[in-house]
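# Structural characterization, general
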Amino acid sequence: MTAIDLGVPSLGPAEPAPVSGPLIDTFGRVATDLRVSLTDRCNLRCTYCMPAEGLDWLPGEQLLRPDELIRLLRTAVTRLGITSVRFTGGEPLVAKNLEDIVGATAALTPRPEITLTTNGIGLDKRAARLKHAGLDRINVSLDTVDAGRFAHITRRDRLSDVLAGLEAAKAAGLRPVKVNAVLDPVTGLDDAVQLLRFCLDHGYQLRIIEQMPLDAGHEWQRGRALNADDVLDALQRHFDLRPHPAPRGSAPAELWEVDGGRGTVGIRSATACSPARRPICAGSCGPAPTMRRSKPHGAPRCGRRRPGTASTTRTSCSRTAR
Ligand code: SF4
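Keep in mind that this is a model prediction, so the values were computed, not measured.

Helices and strands together make up the secondary structure of the protein, namely 7 helices and 12 strands. Counting the 322 residues in the protein, one finds 38% classified as buried. Residue pairs in contact within the protein that sit at least 24 positions apart in sequence constitute 75% of those at least 6 positions apart.

Encoded structure:
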């Protein structure tokens, strides 16, 4: 046997750590959108998101103070190339000082675009203040416009509050007002048709998001969840849908023009991205870094993503979309 000297492994000289952006992942994609989860608390209990009794919420002292949060946002905007900030939760309207946080974000230079994803509860009283503070756009989560189904899905009888929040957002001049829907496996196709009618009538933009396997109740089954093809088939039986001419870019939802330009609907696939089906992202999606407000030693709760990791579990409200 001949012995071969393989030498001593060497990593070579270490590259100095970068001190500024842009944020580029290992695929060379540049991240410019930042999601900021302000709280893990929520006033709904959507069945696909959390158990009826709620969660073991993070104690307040484990959350970043507003000044600490703004300091991190300043770094992201001024040094890391972030141009768009989306506030999420849990439910971000539950977070104290939301208007102050939005205002301080709007004062950064260069000013980022500021958006909010909310379940809409309490928005009727705060939409104007948020707009005044600097909020640009809003996404309101709404899975059905049927009051009974809404109460069943969210375990709360609050549909009228969400509808009032949507009206207030429109009246405050937030544009566009988007509605994010995750469809129930049983009633979802009917809900999708009703939701699209409702959104067309009110001038909202509907985004339908395939249910993700978050599995709060350990019940998710791929064969049971509605997929983007089911939704498209159902909508096409009631509306004239044509691919929207705008380039899709990095948008995660496939966009359709409805009834000759009366409105649009986006359909976002959550669990499959393959050439055999419509891809999620047309191969051009960008990474979406997420910042959670908990301090580094805060224990992650439920299925939420640990800070800085990527997974199919959520870090925020399951119904988020751009
Ligand atoms: S999906 Fe969003 S609105 Fe529903 S319980 Fe979860 S955080 Fe709240």
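We now examine the environment of Leu195. Mapped onto the elements, Leu195 comes out in helix 6 (residues 188-202). Using a count of 24 C-beta atoms within 10 Å as the deciding quantity, one classes Leu195 as buried. Once the C-alpha coordinates of Leu195 and Val179 are considered, the two residues, 16 residues apart in sequence, prove to be 8.9 Å apart. For Leu195, the residues in contact, after removing those within four places along its chain, are Thr144, Val145, Val179, Ala181 and Leu206.

Strand order in this open sheet of 10 strands is 9-10-11-8-7-6-5-4-3-12, and the pairing throughout is mixed. The sheet is open, and its two edges are formed by strand 9 (241-243) and strand 12 (290-292), each paired on a single side. This sheet shows a mean twist of 25° between the axes of neighbouring strands, independent of strand direction. The pairing of strand 10 (residues 254-258) with strand 11 (residues 263-268) spans 5 bridges and is antiparallel. Looking at strand 11, one finds that Leu255 is bridged to Gly266. Against the sheet, helix 5 (residues 159-172) contacts strand 6 (137-141) and strand 7 (177-182), and its axis sits at roughly 165° relative to strand 6. Strands in contact with helix 6 are strand 7, strand 8 (205-209), strand 10 and strand 11; relative to strand 8, the strand with the most contacts, it is inclined by about 155°.

Before going further, it helps to spend a moment on helix 1 (residues 66-79). With 14 residues, helix 1 extends 19 Å from end C-alpha to end C-alpha; this agrees with the ideal 20 Å at 1.5 Å per step. Here helix 1 has its buried residues at Leu69, Leu73, Ala76 and Val77. Down the axis, helix 1 shows its buried residues gathered within 90° of arc, on one side only. Across from the buried face of helix 1, at angles greater than 90 degrees, the exposed residues are Asp67 and Glu68. Positioned one or two residues after helix 1, Gly81 has a phi angle of 80°, which is positive.

In contact at an axis separation of 8 Å, helix 3 (residues 123-133) and helix 5 are set at 20° when each is read in the N-to-C sense. For the element pair helix 3 / helix 5, the angle class is roughly parallel. Read as a crossing pair, helix 3 and helix 5 show a hand that is right-handed. Contact residues: Leu123, Asp124, Ala127, Ala128 and Lys131 in helix 3; Ala164, Gly165, Ala168, Ala169 and Ala172 in helix 5. Split into classes, the residues belonging to the contact of helix 3 with helix 5 amount to 7 nonpolar, 1 polar and 2 charged.

Reading guide: rules and limits
Residues numbered from 1 in each chain as written. Predicted model: local features only at pLDDT ≥ 70, side-chain atom pairs only at ≥ 80, totals over all residues. Helix = DSSP H or I, 4+ residues; strand = E, 2+ residues; numbered from the N terminus. Buried ≥ 20, exposed ≤ 12 C-beta atoms within 10 Å, placed from the backbone. Contact = placed C-beta atoms within 7 Å. Pairing = 2+ DSSP bridges. Axes fitted to C-alpha atoms, helices over the stretch in contact; angles between N-to-C directions. Expected span 1.5 Å × (residues − 1). Arc of directions from axis to C-beta. Parallel < 35°, antiparallel > 145°, perpendicular 65-115°, else oblique. Left-handed = near helix turned anticlockwise from the far one by under 90°. Nonpolar A, V, L, I, M, F, W, Y, C, P; charged D, E, K, R; others polar.

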